[in-house]
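Structural overview
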Amino acid sequence: MAVSNSSIAAVFEKLADLLDIEGANPFRIRAYRNAARLISVHPGLISETVKRGEDLTYLPGIGKDLAAKVAEIVKTGRLSVLEEAKQRTPSGLTALLEIPGIGPKRIQALKNNFKITDIDSLERIVRAGRLRELPGFGPKLERVILEELRREKPTRVSLFLAEEVARDLVGYLKKIPGVLAVMPAGSYRRSQETVGDLDILVTRRSDGPVTPDSDVMEKFVSYDDVEKIVARGETRSTVLLKNHLQVDLRLVDAESYGAALVYFTGSKAHNIAIRMIGVKNGLKINEYGVFRRNKRVGGRTEEEVYGTIGLPWIPPELRENRGEIEAAQKGAIPELITLEQIRGDLHAHTDATDGHLTLQEMVEAARSLGYEYLAITDHTRHLTVAKGQDPKRLAEQIRRIDKLNSRLKGFRVLKSAEIDILEDGSLDLPDSILKELDLRVCSVHFKFNLSRAKQTERIIRAMDNRYFNILGHPTGRLIGRRPAYDVDLETILEAAVERKCFIELNSQPDRLDLADLYCQKAKSLGLKIAISTDAHSDSELSFIRFGVAQARRAWLGAEDVLNSQPWAELEKFFKK
Ligand code: DGT
Ligand code: CA
Ligand code: CA
Ligand code: ZN
């Protein structure tokens with residue numbers, strides 16, 4: 001069995017966490033984290049590349065040293081530097097990094113003073129009321145820790161991981177003889193930011209005998225990645241995959257396909273609302289079809305099901321019972337933004353800072369997506385771990401971009417930067433260089449723990465700068481790993497409108513920041529949104545699909561999205 005990219009990535013993540021606790025060189029830690037990230041988004045199987053004996057250093061951001069480490073993991077299933085780190089530092093300590101307010105320094109203190117090795121030994125100390133003996137550790141932190149212990153650990157996965165699983169599994173199921181349609185439904189089809197389990201619908205031809213070869217359920221439960229069969233039946237089975245994602249498969253008749261798809265796409269709240277309208281019209285709507293008394297009146301397609309209650313088809317991303325049914329009744333479902341309408345990307349990094357590819361390579365990647373423009377938004381000097389640029393280096397980059405632009409036809413590289421918002425709300429670069437840029441993305445990268453009032457004020461002060469254009473990843477959340485910083489978003493959105501600033505919907509699947517409901521709020525205020533990828537490599541530019549899906553969940557149309565506009569229009573928004 002091939003080693004998956006995500007398990008190689010997990011080794012580097014673990015190593016980075018341990019080094020973090022040890023207080024190792026932040027550049028080295030960041031290199032491992034970057035490698036983990038890069039490997040996890042790499043489209044092909046890296047273990048296969050290694051087995052073919054190919055040189056991994058062709059991968060952006062992977063030098064000789066990292067390539068050797070990847071090869072070691074593939075060949076031996078372990079990494080000696082990680083084993084050594086585990087010898088030095090109990091690996092159970094990495095779980096403590098998840099606790100809000102506990103970082104590497106505090107973990108060191110816990111280890112040295114109480115010989116804490118993992119979450120269990122920490123719990124004992126907290127319950128004994130001894131944590132507060134340590135300077136800097138108070139009753140408040142004890143409460144936070146106890147809360148963390150009680151919290152149900154999220155087993156939900158990102159859309160990106162669900163997509164990987166769905167793609168492979170759907171491909172596998174489609175090859176079964178007699179199968180007509182294979183369709184992922186549930187929260188995945190609604191593009192919810194995380195997926196609890198994957199629901200897959202399958203229809204097969206009803207004529208002809210079912211042979212072992214065409215037995216869908218048998219094929220499903222014997223899929224390579226299945227860890228455990230949870231339930232197995234004639235029409236429904238559930239398995240747990242090796243990556244801990246659960247998959248429900250349902251076999252339905254072709255005449256019920258549309259009804260089953262509506263039902264299993266959900267959401268539950270949407271289903272209930274649909275069923276109530278049916279009841280009012282003397283119709284029974286369930287996963288088998290739509291029935292008047294006992295006569296089937298529809299169910300083969302989704303259009304047919306919605307049609308029986310006088311509604312047009314509703315895009316899955318809207319099916320949350322947040323007003324989409326009322327809108328459909330009024331014929332007011334908006335034209336949602338599509339991937340094809342995106343003309344360029346306004347947030348991308350190169351190897352000048354923490355990206356993996358050169359300026360030229362990123363530009364080539366953007367052109368191959370059919371884009372008209374790409375903003376190069378490398379970090380600024382305050383972010384030293386990402387090699388942030390000072391005005392001098394940025395000026396050099398600007399010259400290189402000018403030169404590149406003079407050679408490009410039908411494409412424009414936008415001069416930009418992802419400028420750190422400093423603690424006092426000032427920007428990390430002087431106006432003298434900010435004014436040389438086509439646009440400016442400004443982001444918070446440190447001091448996440450300011451009070452709500454201070455954090456809000458910090459960002460609004462930054463927006464006061466006339467060169468501020470787009471607030472990058474507006475809440476700083478990392479889904480399942482780091483909560484949003486405390487900030488008054490409504491006030492910020494209103495302040496952005498007043499100051500002719502804009503906000504970003506960051507498409508990284510673990511960010512999706514700003515979240516759908518706030519994007520919807522932004523739209524209601526007339527605030528336009530940049531759907532950006534924050535790409536650090538060519539493959540990450542295509543993360544735009546996750547951003548577009550979230551934008552659709554927020555009811556956004558092309559007119560609400562900055563980068564659906566050609567540069568000639570966009571330019572006007574950025575000049576104040
Ligand atoms: P998840 O898996 O937690 O990310 O979210 P979903 O929406 O995929 O939920 P899941 O897998 O429990 O169920 C799939 C769909 O089946 C759900 O979106 C709607 C439908 N469904 C499940 N339970 C019920 C129910 O009790 N009533 C109705 N009307 N529909 C249900
Ligand atoms: Ca589900
Ligand atoms: Ca399910
Ligand atoms: Zn950033």
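Residues numbered from 1 in each chain as written. Chains lettered and ligands numbered in written order. Predicted model: local features only at pLDDT ≥ 70, side-chain atom pairs only at ≥ 80, totals over all residues. Heavy atoms only, no water.

**Some words on the site of ligand 1**
To keep things clear, this is the line we draw: One heavy atom within 4 Å of a molecule or strand is enough for the residue carrying it to be called near that molecule or strand. For the purposes of these results, a polar contact is taken to be a pair of N or O atoms within 3.5 Å, where, inside protein, one atom must be able to donate a hydrogen and its partner to accept one; residues adjacent in sequence count only when each atom of the pair is a side-chain atom. Exposure was quantified through the Shrake-Rupley algorithm and a 1.4 Å probe, taking into account, for residues, occlusion by the shown protein chains and nothing else. Starting at the N terminus, helices and strands are each numbered in turn, a helix being any DSSP run of H or I of at least four residues and a strand any DSSP run of E of at least two. Throughout, the ten residues Ala, Val, Leu, Ile, Met, Phe, Trp, Tyr, Cys and Pro are labelled nonpolar, Asp, Glu, Lys and Arg are labelled charged, and all others, Gly among them, are labelled polar. Domain start and stop positions are those given by an automatic or database domain assignment.
Arg156, Ser187, Arg190, Gly196 and Asp197 are the nearest of the 16 residues found near ligand 1. The contact in question runs from an oxygen atom of ligand 1 to an N or O atom on the side chain of arginine 190, over 2.9 Å. Backbone polar atom of glycine 196 to an oxygen atom of ligand 1: 2.8 Å apart, as the coordinates give it. Compared with its free state, where it exposes 590 Å², ligand 1 has 72% of that area covered by protein. Contributions of two or more residues to the shell around ligand 1 are made by α10 (186–189), β4 (197–204), α12 (257–265) and α13 (268–280). In terms of residue class, the shell around ligand 1 is made up of 3 nonpolar, 7 polar and 6 charged. Structurally, the shell around ligand 1 is a two-domain feature, drawing no fewer than three residues from each of domain 2 (157–251) and domain 3 (256–329).

**Description of the coordination of the calcium ion (ligand 2)**
Stated precisely, the cut-off is as follows: For Na, K and Ca the donor cut-off is 3.2 Å, and for all other metals it is 2.8 Å, counting N, O and S atoms only; because water is absent from this set, sites may look incomplete. Irregular is the label for any site that misses the other tests, which are tetrahedral for four donors with all angles between 85 and 135 degrees, and square planar for four donors or octahedral for six when opposite donors exceed 155 degrees and the remaining angles lie between 65 and 115. For every residue, the accessible area (1.4 Å probe, protein chains only) is compared with the maximum for its type, and the residue is labelled buried under 20%, exposed over 50%, or partly exposed between those bounds.
Protein coordination at the calcium ion (ligand 2) comes from Asp197 (O), Asp197 (OD) and Asp199 (OD), with a distance range of 2.2 to 2.5 Å. Considering all 6 donor atoms around the calcium ion (ligand 2), the spread of angles at the metal, 70 to 166 degrees, places the coordination shape in the irregular class. For the pair the calcium ion (ligand 2) and the calcium ion (ligand 3), the metal-to-metal distance amounts to 3.7 Å, and aspartate 197 bridges them. The exposure classification of aspartate 197 matches that of aspartate 199, with both residues buried.

**Notes on the packing of aromatic side chains**
Condition: Any two of the Phe, Tyr and Trp rings considered here, Trp counted by its six-membered ring, make a pair once their centres fall within 6.5 Å; the pair's planes then place it as stacked at under 30 degrees, edge-to-face at over 60, or tilted in between.
Counted by the stated rule, this structure contains 11 aromatic pairs. Here phenylalanine 160 and phenylalanine 546 contribute two aromatic rings whose centre-to-centre distance is 5.9 Å and whose plane-to-plane angle is 90 degrees, an arrangement assigned as edge-to-face. Pair noted here: phenylalanine 160 is in helix α9 (residues 159–174) and phenylalanine 546 is in helix α23 (residues 544–553), with a separation of 386 residues, a long-range link. Take phenylalanine 160 and phenylalanine 546: they sit in the same class, and that class is buried. Between tyrosine 172 and tyrosine 223, the ring centres sit 4.7 Å apart and the planes meet at 55 degrees, which makes this aromatic pair tilted. Taken together, the residues tyrosine 172 in helix α9 and tyrosine 223 in the loop between α11 (216–221) and β5 (226–232) connect sequence positions 51 residues apart.

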